[in-house]
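Listed here are the chains, written in short residue letters.
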Amino acid sequence: MAKIRVVSGKRSTGELHLGHYFGALKTWVSLQDQYECFFFVADWHALTTDYQDPTLIEKNVLSNVADWLALGLNPKKATIFIQSHVKEHAELFLLLSMITPVSWLERNPTYKEQLRQLGSATLQNKDLSNFGFLGYPVLQTADVMMYKGGKVPVGEDQVPHLELSREITRRFNHLYGNIFPEPEALLSEAPKIPGTDGRKMSNSYNNCIYLSDSKEVVTQKIMTMVTDPARKRRQDPGNPKDCPLFDLHEVYTKDESVIKEVEKGCTTAGIGCVDCKKILLKSLLPWHEQYLEKRTSIMKKPSFVEDVLSEGSKKAQTEAQKTMGEVRKAMKI
Ligand code: TRP
Ligand code: SF4
């Protein structure tokens, strides 16, 4: 039995923030020790929604990959590359588009939801009536099939896409022979990471703590972050369950006794939110500084990230060419 392969991508539509780390990257880093992994920047996918102004996509590619490396992805273990550098993805996308019914794509809940959100803060001024956006899951399926991915670490929001990938894969195997495994979603239990305003941390809400933020900026964002609204005055008791800041304690503050102290202090008004935030910073800042140091040392040699990517693209392309050989033969093309 060949080793199970893990495949996943991330769109380069913004700078990475803490939500990205706890929601995805942390899982990727742990998977690289257990599986043969292919991780890539899905710049073509970013283009399906941001085609009107692609400058940001390009700017984010190298920066995102530098973050991945600083967070612990290891190019000796995982194959790290850019989707658009491996042109085979486009060919497989085209071939899969022949066997994908349009009705499957129109039924896709993520697609319908995004169209519904048009005009909202998330998708301001975007025109998504383009063919590429409808075909988004087909390209995603090509990404996974290309490396015969068996497991796909993704967030909850990607489950409908994975379901479509399974259907398209099944249809391919049925029509042309059993070549591909049916990919399974690997859902990590992502902790809740709220932004500074208490809503989900998201680039479109302007509430993010970015990985690239300096120590001072992180401190300032934490010190002004919203807390339990019940604690209007210092003497009002609160409840950590109603406090977005406490969600951050849960991921950063490893010492159980400190957590207990915070809970008690909050519910009895024994400590104020300012005290509580300082306690959080004691556990968060050392982690953040360690990351910043790693990132700085990576950026010292500007060609390092580029070398990782060209090496990764070469490795990915070798696999992609093998797969495309099989696909062309099976489809008699
Ligand atoms: N659609 C994914 C997202 O937005 C990104 C992605 C592109 C992807 N291709 C993929 C994820 C292949 C997993 C496998 O998060
Ligand atoms: Fe939140 Fe801490 Fe303030 Fe309680 S004391 S409301 S947990 S910041």
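As a starting point, this report considers the structure included with it. Everything quoted here is computed from the prediction, not taken from an experiment. Per chain, residues are indexed from 1 in the order of the written sequence. As a convention, the first chain written is A and the first ligand written is 1, with the rest following in written order. Only residues with pLDDT of at least 70 get local features here, since the model is predicted, and only at 80 or more are side-chain atom pairs given and counted; chain-wide, interface and lining totals rely on the full set of residues. Excluded from the side-chain calculations are hydrogens and water; all other atoms, namely the structure's heavy atoms, are used.

## Describing the site of ligand 2
Think of it this way: one heavy atom of a residue within 4 Å of a molecule or strand is enough to make that residue near it. Every residue close to ligand 2 is listed here: Thr227, Asp228, Arg231, Cys243, Leu245, Cys266, Cys273 and Cys276. For ligand 2, the cavity whose grid points lie within 2 Å of the majority of its atoms is the largest cavity. For this classification, the nonpolar set comprises Ala, Val, Leu, Ile, Met, Phe, Trp, Tyr, Cys and Pro, the charged set comprises Asp, Glu, Lys and Arg, and every other residue, Gly included, is treated as polar. Across the shell around ligand 2, the residue classes tally to five nonpolar, one polar and two charged. Each cavity reported here is a set of points on a 1 Å grid over the protein atoms alone in which a 1.4 Å probe fits but cannot get out, each pocket an open set with protein on both sides within 12 Å along at least five of seven lines, and each lining residue one with an atom within 4 Å of a point. Molecule-in-pocket calls rest on the fraction of atoms, with more than half required to lie within 2 Å of the cavity or pocket grid points.

## Let's talk about the layout of surface pockets
Grid points are joined across faces, edges and corners, and a volume is the space filled by probe spheres set on the points. The computed volume of the second largest pocket comes to approximately 250 Å³. Along the wall of the second largest pocket there are 13 residues; nearest its centre are Phe22, Lys26, Pro191, Val251 and Lys254. Secondary structure elements follow DSSP: runs of H or I no shorter than four residues count as helices, runs of E no shorter than two count as strands, and numbering proceeds from the N terminus. When contributions to the lining of the second largest pocket are tallied by element, the ones reaching two or more residues are helix H1 (18-31), helix H11 (244-252) and helix H13 (273-300). No other element matches the four residues that H1 contributes to the lining of the second largest pocket. Classifying every residue of the lining of the second largest pocket by side-chain character gives seven nonpolar, three polar and three charged.

## Let's talk about the site of ligand 1
Around ligand 1 lies a shell of 13 residues, among which Arg11, Tyr136, Gln140, Asp143 and Gln158 are the nearest. In the analysis that follows, any N or O atom pair within 3.5 Å is treated as a polar contact, provided that within protein one partner can donate a hydrogen and the other can accept it, and provided that, for residues neighboring in sequence, both atoms belong to side chains. Within the side chain of tyrosine 136, one N or O atom sits 2.7 Å away from a nitrogen atom of ligand 1. One nitrogen or oxygen atom from the side chain of glutamine 140 is found 2.8 Å from a nitrogen atom belonging to ligand 1. Under the convention used here, a 1.4 Å probe and the Shrake-Rupley method define accessible areas, while residue burial counts only the protein chains that appear. Burial of ligand 1 by the protein amounts to 91% of the accessible area it has alone, namely 370 Å². Considering each element in turn, the shell around ligand 1 owes the most residues, four residues, to helix H8 (residues 136-146).

## Side note on the pattern of salt bridges
Should a side-chain nitrogen of Lys or Arg be within 4 Å of a carboxyl oxygen of Asp or Glu, the pair is scored as a salt bridge. Taken as a whole and assessed by the stated rule, the structure comprises 19 salt bridges. Close ionic contact of glutamate 91 with arginine 328 constitutes a salt bridge, the shortest N to O distance being 2.9 Å. You can see glutamate 91 sitting in helix H4 (residues 88-99) and its partner arginine 328 sitting in helix H14 (residues 303-330), a full 237 residues away along the chain. Where arginine 233 meets aspartate 236, a salt bridge forms, and the shortest distance between an N and an O atom there is 3.2 Å. Here the salt bridges do not stand alone but share partners, grouping Arg5, Glu36, Glu319 and Lys322 into one network.

## Remarks on the nonpolar core
In summary, soluble globular proteins display a tendency toward joint burial of nonpolar side chains. Membership of the largest hydrophobic core comes to 51 residues, with the highest contact counts inside it found for Leu25, Phe39, Val65, Trp68, Leu73, Ile80 and Ile222. Considering each element in turn, this core owes the most residues, eight residues, to H13. The residues touching leucine 73, leaving out its near neighbours within four places in the chain, are Leu25, Trp28, Val29, Gln32, Phe39, Trp68 and Ile80. Residue types Ala, Val, Leu, Ile, Met, Phe, Trp, Tyr and Cys, when buried and joined through side-chain atoms within 4.5 Å, form a set referred to as a nonpolar core. Burial status follows relative accessibility: with a 1.4 Å probe on protein chains alone, a residue under 20% of its type maximum counts as buried, one over 50% as exposed, and anything between as partly exposed. Pairs of residues are marked as contacts when any of their non-hydrogen atoms sit within 4.5 Å.

## Let's talk about the packing of aromatic side chains
Given two aromatic rings, their pairing is described by the distance between the two centres and the angle made by the two planes. When two rings of Phe, Tyr or Trp (its six-membered ring) have centres within 6.5 Å they constitute a pair, described as stacked for plane angles under 30 degrees, edge-to-face for angles over 60, and tilted for the intermediate range. Following the criterion strictly, the structure yields 14 aromatic pairs and no others. Seen from their ring centres, tyrosine 21 and tryptophan 287 are 5.1 Å apart, and the 50 degrees between their planes marks the pair as tilted. One end of the pair, tyrosine 21, is in helix H1; the other, tryptophan 287, is in helix H13, with 266 residues separating them in the sequence. Seen from their ring centres, phenylalanine 133 and tyrosine 136 are 6.5 Å apart, and the 75 degrees between their planes marks the pair as edge-to-face. Neither phenylalanine 133 nor tyrosine 136 differs from the other in exposure class; each is buried. Taken together, Tyr21, Phe22, Tyr252 and Trp287 form an aromatic cluster joined through their ring pairs. We note lysine 148 situated over the ring of phenylalanine 180; from NZ or CZ to the ring centre the distance is 5.9 Å. We call a charge positioned above a ring when the Lys NZ or Arg CZ atom is no farther than 6 Å from the ring centre and deviates by at most 35 degrees from the ring normal.

## A few points about empty space enclosed by the protein
Under the defined criterion, the tally for this structure stands at one cavity of 30 Å³ or more. The calculated volume of the largest cavity comes to roughly 80 Å³. Contributing to the lining of the largest cavity are 13 residues, with Cys243, Leu245, Val262, Cys266 and Cys276 lying nearest its centre. The set of elements that each furnish at least two residues to the lining of the largest cavity consists of H11, helix H12 (256-267) and H13. Of all the elements, H11 adds the most residues to the lining of the largest cavity, at three residues. For the lining of the largest cavity, the residue count by class is nine nonpolar, three polar and one charged.

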